[in-house]
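An overview of the molecular structure
The residues making up each chain are set out below.
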Amino acid sequence: MRNYITVLVVLSIVAGCNNKSTQMTPPQIPVYTAKNETVQLTKDFVGQTYGLFDISVRARVDGYLEGIHFTEGGRVEKGQLLYSIDPAPLDARVAEALSMVAQAKTNLVKAQSDYDRYKPLAETNAVSQSDYDAAVAGLGAAKASLEAANASLEFARIQRSYTKIHAHTDGIIGRSEAKVGDYVGREPNPVVLNTVSRLDTIRVQFHLTELQYLEIVQYENAQRTVKNPRRNKKADVILFFADGSRHSELGKVDFVDRNIDPTTGTLLVQASFANPGEIIRPGQFARLRIGLADAAERLLIPVRCLQEVQGEYNVFVVGSDNKVEYRAVKVGPTLQDMVIIKEGLQANERIVLEGINQLRSGMPVVPLEKEFKSVRTNQD
């Protein structure tokens, strides 16, 4: 019995020592070595494409569509006849206006004759002054009536000319909104018959949120305080398509709206791109990337390494003695899943990548170098 008790005491002491030894073993923590990388500060936006000109083809008079003189989806040239509307009603108006002109000319001849007859008689007081004044007034009224009749005739001819609808620019024409025989030019019938787009240059419109706008303005203001040779240059814009492919031509921002839309809180911006081969068509989805600064070396770490407390950012740094240090850092722009560190960290320092919530400052660890595959490198 005494030997059994002795064995139990020895086993208890050994187990206690083993537990103490286990508790004192530092935990293994994945770490990432901060590196300087050559990167360019960029912003990505989503937009939609438009032609350089997207001109609506409108029926300016109403009537029955008589002819379509183009191939839908094909190319048209400036001045080419596109549509013809039945001109018969407007021909009748022109004929009516011509008769009014003829009548006005007849009235003018009579008024001129009366004036010519009364003028010499009035000089010798052979007619009353009131008769002469009536002849002068009649001549003036006849001239005015002829001018009005000529204006009505010109207007009728202009209206009749609208029955022939021509292209106002070279470009690609779309699908017709009306067919031969349809009544057009008056709601609810089609008024806009088609659209012609000029595609040698393409426009892409996108929107900045108010926060993005303020961020860019603050960055540009900061650039003005230092010698920066690119600050007066327009930034290059890269265009990516829905399938992730990249457009061969760089674009430039050529329009920024005057105000932020209060209903959406966004600012409209437009960039233009050359469109060789007219591959890009209006209405496509587009992702734009705008460079804000020249490429330069910047210190990058994974975003997951950061801890944010009341707007302040911190990381756990593993020192040469393998003890962690809780350190405040100042961050710059985020590049996908990486973030630029402006202050508080140096290149080649090791930072904790995982298990941050288990650590405290001064705690010993066993650092395990772990590779971090950033998605940013796959989207450049």
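Refer to the structure above for everything that follows.
**Comments concerning the overall build of the protein chain**
When helices and strands are tallied, the protein chain shows four helices and 21 strands. Taking all 380 residues of the protein chain together, 34% fall into the buried category. Considering only intrachain contacts with a sequence separation of at least 6, the fraction spanning at least 24 residues in the protein chain is 75%.

**Topic: helix α2 (residues 88-123)**
Look at α2: 53 Å from first C-alpha to last across 36 residues, which is about the 52 Å you get at 1.5 Å a residue. Restricting attention to buried positions, one finds in α2 the residues Leu-90, Val-94, Ala-97, Val-101, Ala-104, Leu-108, Ala-111, Asp-114, Tyr-115 and Ala-122. Taken together, the buried residues of α2 touch α3 (129-161). Positioned one or two residues after α2, Asn-125 has a phi angle of 60 degrees, which is positive.

**As for the pattern of salt bridges**
One pass over the full model with this rule turns up 18 salt bridges. With a closest N to O distance of 3.5 Å, Arg-160 and Asp-91 form a salt bridge. You can see Arg-160 sitting in helix α3 and its partner Asp-91 sitting in helix α2, a full 69 residues away along the chain. A relative accessible area of 32% places Arg-160 in the partly exposed class. For Asp-91, a relative accessible area of 34% puts it in the partly exposed group. In this structure, Arg-175 and Glu-177 form a salt bridge, with 3.7 Å as the shortest nitrogen-oxygen distance. In this structure Arg-175 comes out as exposed when scored by relative accessible area, which is 56%. By relative accessible area, which is 45% here, Glu-177 ends up partly exposed.

**Digging into unusual backbone geometry**
Going from Glu-187 to Pro-188, the amide bond is cis rather than trans, its omega being 5 degrees. Secondary-structure assignment places Pro-188 in the loop between β9 (183-184) and β10 (192-209). Of note in this structure, Asn-125 is not a glycine but carries a positive phi near 60 degrees. By secondary structure assignment, the location of Asn-125 is in the loop between α2 and α3.

**Examining the environment of Ile-202**
Structurally, Ile-202 can be placed in strand β10. In this structure, the C-alpha to C-alpha distance between Ile-202 and Thr-49, residues 153 residues apart in sequence, is 6.7 Å. Look past the residues within four positions of Ile-202 in its chain and what remains in contact with it is Thr-49, Tyr-50, Gly-51, Ala-271, Ser-272, Phe-273, Asn-275 and Ile-280.

**Thoughts on the packing of aromatic side chains**
This model, assessed by the stated rule, comprises six aromatic pairs. Their ring planes at 50 degrees and their centres at 5.0 Å tell us that Phe-316 and Tyr-326 sit as a pair that is tilted. Placement of the pair is Phe-316 in strand β17 (residues 312-318) and Tyr-326 in strand β18 (residues 324-335), with a sequence separation of 10 residues. Its guanidinium or amino end placed over the ring of Phe-240, Arg-287 lies 4.4 Å from that ring's centre, counting from NZ or CZ.

**What to know about the environment of Leu-153**
Relative to the elements of secondary structure, Leu-153 occurs in helix α3. When near neighbours in sequence (up to four residues on either side) are disregarded, Leu-153 contacts Val-94, Ala-97, Leu-98 and Val-101.

**Remarks on the environment of Gly-362**
Tracing the chain through its elements places Gly-362 in the loop between β20 (350-352) and β21 (366-369). Linking Gly-362 and Asp-321, residues 41 residues apart in sequence, is a C-alpha distance of 10.0 Å. Those residues within four positions of Gly-362 in sequence are excluded, and the remaining contacts are Lys-323 and Val-324.

**Re α3**
Residues separated by three or four positions in an α-helix point in the same direction, a consequence of the helix having 3.6 residues per turn. Counted at 1.5 Å a residue, the expected span for α3 with its 33 residues is 48 Å, and the 48 Å between its end C-alpha atoms agrees. Where α3 is concerned, the buried positions are Tyr-132, Ala-135, Leu-139, Ala-142, Leu-146, Ala-149, Leu-153, Ala-156 and Gln-159.

**Thoughts on the sheet that holds β9**
A sheet is described by the order of its strands in space; here four strands give the open sequence β7-β6-β4-β9, paired in antiparallel fashion. The outermost strands of the open sheet, each flanked by one partner alone, are β7 (164-166) and β9. Pairing analysis gives three bridges linking strand β4 (residues 63-68) to strand β6 (residues 81-85), with the strands arranged antiparallel. In the strand pairing of β6, Ile-68 is matched with Tyr-83.

**Some words on the side chain of Thr-49**
Position of Thr-49 relative to the elements: it lies in strand β3 (residues 42-58). On the accessibility criterion, Thr-49 (1% relative accessible area) is buried. There is a polar contact of 2.8 Å between the side chain of Thr-49 and the backbone nitrogen of Gln-284. Look past the residues within four positions of Thr-49 in its chain and what remains in contact with it is Ile-202, Arg-203, Val-204, Ile-280, Arg-281, Pro-282, Gly-283, Gln-284 and Ala-286.

Definitions and limits used
Residues numbered from 1 in each chain as written. Predicted model: local features only at pLDDT ≥ 70, side-chain atom pairs only at ≥ 80, totals over all residues. Heavy atoms only, no water. Helix = DSSP H or I, 4+ residues; strand = E, 2+ residues; numbered from the N terminus. Buried < 20%, exposed > 50% of the residue type's maximum accessible area, 1.4 Å probe, protein only. Contact = heavy atoms within 4.5 Å. Expected span 1.5 Å × (residues − 1). Salt bridge = Lys/Arg side-chain N within 4 Å of Asp/Glu carboxyl O. Phe/Tyr/Trp six-rings, centres within 6.5 Å; stacked < 30°, edge-to-face > 60°. Lys NZ or Arg CZ within 6 Å of the ring centre and 35° of its normal. Pairing = 2+ DSSP bridges. Polar contact = N/O pair within 3.5 Å; in protein donor to acceptor, adjacent residues only side chain to side chain.

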